[in-house]
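Now for the letters of each chain:
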Amino acid sequence: MSDVMEHYQDDGLHEECGVFGMYDFDGHDVARTIYYGLFALQHRGQESCGIAVSDTEGPKGKVLSSKGMGLVNEVFTQEDLDKLKGNIGVGHVRYSTAGASTRENAQPLVLNYIKGTLALAHNGNLVNAPELRRELAHDGAIFQTTIDSEVIAYHIARERVKTSSAEEAVQNAMKKLVGSYSLIVMSPRKLIGARDPFGFRPLCIGKRDNAYVLASESCALDTIGAEFIRDVEPGEMVVISPEKGIESHKDMCQKEHGRCVFEYIYFARPDSMIDGMSVYQSRIIAGRSLAKDSPVEADLVVGVPESGNAAALGYSLESGIPYGTAFVKNGYVGRTFIKPKQSQRESSVRVKLNVLKDAVAGKRVIMIDDSIVRGTTSDRIVSMLKEAGAKEVHVRISSPPFLYPCYFGTDVPDSDQLIAYNRTIEEIRQIIGADSLGYLKLERLPELTGGRQFCQGCFTGKWPIDPPKEDIRGEYDS
């Protein structure tokens, strides 16, 4: 990529990856369907993407793959997809929280070893990645990437040498992994999906005709016309094969879970279902809760696109204040574009969003957003609304204040970079220039997940797993 292309750092949160796998028992090529599945998961990662496929009736272990930097529709051509012949495959879209954004770190990873070939796509962060990497390095492993996904692939390959099946190897490797992971592993004759015991990251199963699908979100199943079957349970491993259909292994399942609540608040598409809960309904509930707990007199409720829109509608439904549109979003801005110079930082937001002056002029506006991280974006958006003629701007946030970093697949930075850390809500209000500011109450979060257990470490500093002794979010991200 050109040196002038820089990674665009806005103030929003980002999730790391999306995974998609497919096994067509009738022998039809799956690459094109995987392409559309990844397209539906593009919001989960815009830096790189890849597809790896194999023909289960062809030479055992022959894997064809294609990957590159950029968006799905930029990386793959018609010719690329035509070359990817195979009825079993796995795909990946990636966003790196830190570390190298390079083609070498793009997934899926394809590993050739003594038992054959393995292709793997991973979403999440391992807390113990550095220790596992050092252990492998001392045994002579040579790494091609700086991602912990390669550590997982190596451990599965090592276990496969000692076991009688690929699924046994994956399950043995899972026992060594600490942290968040949703995995899709393609062996020569099986498609395997696995989710960490806390269920930090989502994974679901679908079926279309005589083909089975694994995907990060159910919206990807809808896109390809597949029927949603169910979610992979936290700690569960599923094995898909023509002989046995879907086999379930629950040795790693446990009662304590730690779903990432930001799947519901921000990461997932609103048309997805995550662990039986509608993402859209979660955001409606968040908006309604904000209206109950942080009411204010106003003329208009608007959302910061896209994730703020449903919460804004919820606020409007509860409060009776009209819901409207205040922003036009440039849908063609990915994570990479020619960033304005530092002296033109304000235009970074304006490139993405523009205010509808006719909609807000002379009005008291309630602006709903999903989060405030550093605060640099929020103050610009508030300023844009006021410059467009809004009499008042009342900001409501559909999550509690961020106080601590995340180690499990979200790029929440260190506490000293978080605007809410060591500041009162009134101090934050003054910094962003709002007329009032309200956050979602911590005790409201269970309503967003339908009562399901979730991780709230970024709000409370209490994670389901002890945080790592060394920072894993840089070199060892996935």
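All values derive from a computational prediction rather than experimental measurement. (Residues numbered from 1 in each chain as written. Predicted model: local features only at pLDDT ≥ 70, side-chain atom pairs only at ≥ 80, totals over all residues. Heavy atoms only, no water.)

Ordered in space as β6-β7-β8-β9-β13-β14, the 6 strands form an open sheet in which the pairing is antiparallel. A strand with exactly one partner marks an edge of an open sheet, and here the two such strands are β6 (109–113) and β14 (245–249). Neighbouring strand axes in the sheet, compared pairwise and without regard to direction, differ in orientation by 20° on average. As paired strands, strand β13 (residues 237–241) and β14 are joined by 5 bridges and run antiparallel to one another. Residue S241 lies in a different strand from β14, and its bridge partner there is G245. Those strands touched by helix α5 (residues 148–162) are β6, β7 (116–123) and β8 (182–186), and its axis lies near 140° from that of β7. (Pairing = 2+ DSSP bridges. Helix = DSSP H or I, 4+ residues; strand = E, 2+ residues; numbered from the N terminus. Axes fitted to C-alpha atoms, helices over the stretch in contact; angles between N-to-C directions. Contact = heavy atoms within 4.5 Å.)

Mapped onto the fold, N105 is located in the loop between β5 (88–94) and β6. You can call N105 buried: its relative accessible area is 2%. Polar contacts involving the side chain of N105 include one to the side chain of T146, which spans 3.0 Å. (Buried < 20%, exposed > 50% of the residue type's maximum accessible area, 1.4 Å probe, protein only. Polar contact = N/O pair within 3.5 Å; in protein donor to acceptor, adjacent residues only side chain to side chain.)

Looking now at the side chain of D24. Positionally, D24 belongs in strand β2 (residues 17–24). The buried charged residue D24 lacks any salt bridge partner; its closest oppositely charged side chain belongs to R208, at an N-O distance of 5.7 Å. Looking at D24, its side chain comes within polar contact range of the main-chain nitrogen of D26, at 2.8 Å. The contact partners of D24, leaving out residues within four places of it in the chain, are V30, N87, N210 and A211. (Lys, Arg positive; Asp, Glu negative; His and termini not counted. Salt bridge = Lys/Arg side-chain N within 4 Å of Asp/Glu carboxyl O.)

Locating G70 in the fold gives a position in the loop between β4 (63–69) and α2 (72–75). A relative accessible area of 7% places G70 in the buried class. For G70 and G45, which are 25 residues apart along the polypeptide, the C-alpha to C-alpha distance reads 9.4 Å. Excluding residues within four positions of it along the chain, G70 makes contact with Q46, E47, S48, C49 and V75.

Count 3.6 residues to each turn of an α-helix, and residues three or four apart come out pointing the same way. Between its first and last C-alpha, helix α9 (residues 279–293) extends 21 Å over 15 residues, near the 21 Å set by a 1.5 Å rise per residue. Among the residues of α9, those classed as buried are V279, S282, R283, I284, A286, G287, S289, L290 and A291. Sitting at the head of α9, S278 places a side-chain oxygen 3.3 Å from the backbone nitrogen of Y280. (Expected span 1.5 Å × (residues − 1).)

The next point concerns the confidence of the model for the chain. Confidence in the prediction for the chain averages 89 pLDDT; 90% of positions are at 70 or higher. This stretch, residues 1–9, has a pLDDT under 50; its non-local contacts, to residues over four places away or in other chains, come to 22 contacts. Below pLDDT 50 for its whole length, residues 335–346 participates in 26 contacts with residues either more than four positions away or in separate chains. (pLDDT = per-residue confidence, 0-100.)

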